[in-house]
Amino acid sequence: IFVPRTGTKILFSVWDTRVKDYQEFATRTGIKLQKPAFPQDLEHPQVMVNWNDAQSFCGWLTKHEMETGKLPKGMKYRLPTDLEWSAAVGLGREKGETPAERSAKMKGVYPWGRTWPPPVGSGNYSSELKIDSFENTSPVGSFKPNEFGLYDMGGNVWQWCEDWLDERQKSRVLRGCSWKKNGPAIANSGLLSS
């Protein structure tokens, strides 16, 4: 399921790639899946995927769905840019030329609003916060979507973006947050480099 976001020219998947979606890719391409150290079912988000794996998945899905007639010519699957991801969570145009320059400039803005800690039921964050009942990852779509119809834009798992962190081109950008995180600084901008 995909939805448009005003201010971008792309459609966003309403949730992260699920285990069942990624398993089909792995089976058909012969790549070896890494198993997390915690249980997940088919509706949970796929974890332990590096940026190159995410790119390969997008390429495979584009080719597969073009061959089956599900994807129109001229369209493709890809990761969002850092600015597109910001638009998808309502941050608008952040100031700075690179993700590193834009990182943490907006203080006190979170996926659920402007208060810390997050309210109960706002997402899947560290069990130390006591805001959800999941010990590890949660099935995608377990919490209310944001105002644009997108689920888990904060919490559950980090989300890869297309961009390099800065002009040195040594690290890629991850946005969102993880079920392991419990501090306001990391949940604030949701930017992490790999």
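Residues numbered from 1 in each chain as written. Predicted model: local features only at pLDDT ≥ 70, side-chain atom pairs only at ≥ 80, totals over all residues. Heavy atoms only, no water.

> Would you explain the overall build of the protein chain in this entry?
Per the secondary structure count, the protein chain includes five helices and five strands. Counting from the amino terminus, the protein chain carries its helices and strands in the arrangement β-β-α-α-α-α-β-β-α-β. Relative to the compact-globule value of 16 Å for 194 residues, the protein chain shows a C-alpha radius of gyration of 16 Å, a close match. In terms of overall dimensions, the protein chain has C-alpha extents of about 45 × 40 × 30 Å along its principal axes. (Helix = DSSP H or I, 4+ residues; strand = E, 2+ residues; numbered from the N terminus. Rg over C-alpha atoms; globule rule 2.2 N^0.38 Å.)

> Sorry, what's going on with the pattern of salt bridges here?
Close approach of charged atoms lets side chains of opposite charge pair. Summed over the entire model, instances satisfying the criterion amount to eight salt bridges. In this structure, the salt-bridge partner of lysine 20 is glutamate 43, at a minimum N-O distance of 2.7 Å. Taken together, the residues span a long stretch of sequence, with lysine 20 in helix α1 (residues 19-29) and glutamate 43 in the loop between α1 and α2 (51-67) at a distance of 23 residues. The partly exposed category is assigned to lysine 20, whose relative accessible area is 33%. Look at the salt bridges and you will find they share partners, linking Arg18, Lys20, Asp21 and Glu43 into a network. (Salt bridge = Lys/Arg side-chain N within 4 Å of Asp/Glu carboxyl O. Buried < 20%, exposed > 50% of the residue type's maximum accessible area, 1.4 Å probe, protein only.)

> Quick question: what am I supposed to make of the side chain of threonine 137 here?
Relative to the helices and strands, threonine 137 resides in the loop between α4 (99-102) and β3 (158-164). A distance of 2.9 Å separates a polar atom in the side chain of threonine 137 from a polar atom in the side chain of glutamine 40. Polar side-chain contacts of threonine 137 include one of 2.9 Å to the side chain of histidine 44. (Polar contact = N/O pair within 3.5 Å; in protein donor to acceptor, adjacent residues only side chain to side chain.)

> Teacher, can you tell me more about unusual backbone geometry here?
Leaving glycine aside, a negative phi is the common case for residues, and trans is the common case for peptide bonds. Residue proline 117 is reached from tryptophan 116 by a cis peptide bond, and omega for that bond is 5°. Despite not being glycine, methionine 48 shows a phi value in the positive range, around 60°. Of the residues examined, methionine 48 reaches a relative accessible area of 40% and is grouped as partly exposed. Despite not being glycine, asparagine 156 has its phi angle at roughly 70°, a positive value. Note on placement: asparagine 156 falls in the loop between α4 and β3.

> When you look at the pairing of strand β4 (residues 172-176) in this model, what are you seeing that I'm missing?
Two faces, one strand: in a regular strand the side chains alternate between the faces of the sheet. Of all five residues in β4, five are buried; the element is thus mostly enclosed. Both faces of β4 are covered, namely the face carrying Arg172, Leu174 and Gly176 and the face carrying Val173 and Arg175. Both β3 and β4 contribute to a ladder of four bridges, which runs antiparallel. When the bridges of β4 are listed, tryptophan 160 appears paired with leucine 174. (Pairing = 2+ DSSP bridges.)

> How do you make sense of the nonpolar core when you look at a structure like this?
When a protein is soluble and globular, its nonpolar side chains tend to lie buried together. Counting 14 residues, the largest nonpolar core has Phe25, Phe57, Trp60, Leu61, Tyr77, Leu79 and Trp160 as the members making the most contacts within it. Secondary structure elements with two or more residues in this core: α1, α2 and β3. Sort the elements by how many residues they give to this core and α2 lands first, with six residues. If you look at the next biggest cluster of nonpolar residues, it comprises eleven residues, including Val3, Phe12, Trp85 and Leu165. (Core = buried A, V, L, I, M, F, W, Y, C linked by side-chain atoms within 4.5 Å.)

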